[in-house]
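A structural walkthrough
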Amino acid sequence: MPSSSIVPVIETERLVLRGHRAQDFADCLALWSDPQVTRFIGGRPSTQEEVWSRLLRYIGHWSLLGFGYWAAEERATGRFVGELGFADFKRQIEPPLDGIPESGWALSPEVHGKGYATEALKAVLAWGDGHFGPIRTACIISPENVPSIRVAEKCGYRELQRTAYKDNPTIMYVR
């Protein structure tokens, strides 16, 4: 079975960020089928097939591009709490994100409000600064997703433009 050894492990005070494994599928399915998680990301719970494709896409990013998403676990318990990282999703969006690593994060509702997203994203961005060098990164967030907007701003993102993605209002942030 392939390993996630090409993905660097990042440790923070309370979290361990590591590469995804096939064994993460059940946790990913629980995360992405939760309406609280998908409310601002796609607008509906994901199907088993969509989550499997997402998991494969995460692993493929690392193999093809040398960057991608990490699975986030609580350091103290080993419990899967979400995922975050960088991607090139080839989105059809204006302004285009061509060549700009896009950061993203999704955490389980059980850990919302604990500061995990900010803690993890700061660590991922520090990794990205070392990996990509001094380049712009971006993220897109629903204007209604106030908690994620706060996370982005705490991590140095600033609003670039209000736009739309798949006919939904979206704010593009850059750092």
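In case you missed it, the structure is sitting above this.
What counts, and where the lines are drawn
- Residues numbered from 1 in each chain as written.
- Predicted model: local features only at pLDDT ≥ 70, side-chain atom pairs only at ≥ 80, totals over all residues.
- Heavy atoms only, no water.
- Salt bridge = Lys/Arg side-chain N within 4 Å of Asp/Glu carboxyl O.
- Helix = DSSP H or I, 4+ residues; strand = E, 2+ residues; numbered from the N terminus.
- Buried < 20%, exposed > 50% of the residue type's maximum accessible area, 1.4 Å probe, protein only.
- Phe/Tyr/Trp six-rings, centres within 6.5 Å; stacked < 30°, edge-to-face > 60°.
- Lys NZ or Arg CZ within 6 Å of the ring centre and 35° of its normal.
- Axes fitted to C-alpha atoms, helices over the stretch in contact; angles between N-to-C directions.
- Parallel < 35°, antiparallel > 145°, perpendicular 65-115°, else oblique.
- Left-handed = near helix turned anticlockwise from the far one by under 90°.
- Contact = heavy atoms within 4.5 Å.
- Nonpolar A, V, L, I, M, F, W, Y, C, P; charged D, E, K, R; others polar.
- Expected span 1.5 Å × (residues − 1).

Where charged atoms of side chains with opposite charge meet at close range, the side chains can pair. This structure, assessed with the given rule, holds eleven salt bridges. Of the charged contacts in the structure, one is a salt bridge between R14 and E119, with a shortest N-O distance of 2.6 Å. Taken together, the residues span a long stretch of sequence, with R14 in the loop between β1 (10-11) and β2 (15-18) and E119 in helix α4 (residues 116-132) at a distance of 105 residues. The salt bridge partner of R18 is D24, with a shortest N-O separation of 2.7 Å. Accessibility assignment for this pair places R18 and D24 in one class, buried.

Here the focus is the packing of aromatic side chains. This structure, assessed with the given rule, holds ten aromatic pairs. With a centroid separation of 4.7 Å and 10 degrees between ring planes, the pair formed by Y58 and Y69 is classed as stacked. Note that Y58 is positioned in helix α3 (residues 48-65) and Y69 in strand β3 (residues 69-74), a separation of eleven residues in sequence. According to the relative accessible area criterion, Y58 is buried, its value standing at 2%. Centroid distance F67 to F132: 5.1 Å. Interplanar angle 75 degrees. Geometry classified as edge-to-face. Separated by 65 residues along the polypeptide, F67 in the loop between α3 and β3 and F132 in helix α4 bring together distant segments of the chain. Residue F67 is classed as buried on the basis of its relative accessible area of 10%. The buried category is assigned to F132, whose relative accessible area is 19%. Feature note: the residues W62, F67, W70, F86, W127 and F132 constitute an aromatic cluster, connected by ring pairs. The residue whose ring lies beneath R54 is W32, and the NZ or CZ to ring-centre distance is 3.5 Å.

Moving on to the packing of helix α1 (residues 25-32) against α3. Viewed as axis vectors pointing N to C, α1 and α3 meet at an angle of 120 degrees, and their least axial separation amounts to 9 Å. By the criterion of interaxial angle, the relationship of α1 to α3 is oblique. The hand of the α1/α3 crossing is right-handed. Across the interface between the two elements, F25, C28, L29 and W32 from α1 touch Q48, V51, W52, R54, L55 and Y58 from α3. Split by residue class, the contact of α1 with α3 holds eight nonpolar, one polar and one charged.

Our next topic: α4. Here α4 contains 17 residues, and its C-alpha end-to-end distance of 23 Å stays within 8% of the 24 Å for a straight helix at 1.5 Å per residue. Burial of α4 is extensive: twelve of the 17 residues sit out of reach of the surface. All buried positions along α4 are accounted for by Y116, A117, T118, E119, A120, L121, A123, V124, L125, W127, G128 and F132. G133, located one to two residues past α4, shows a positive phi value of around 85 degrees.

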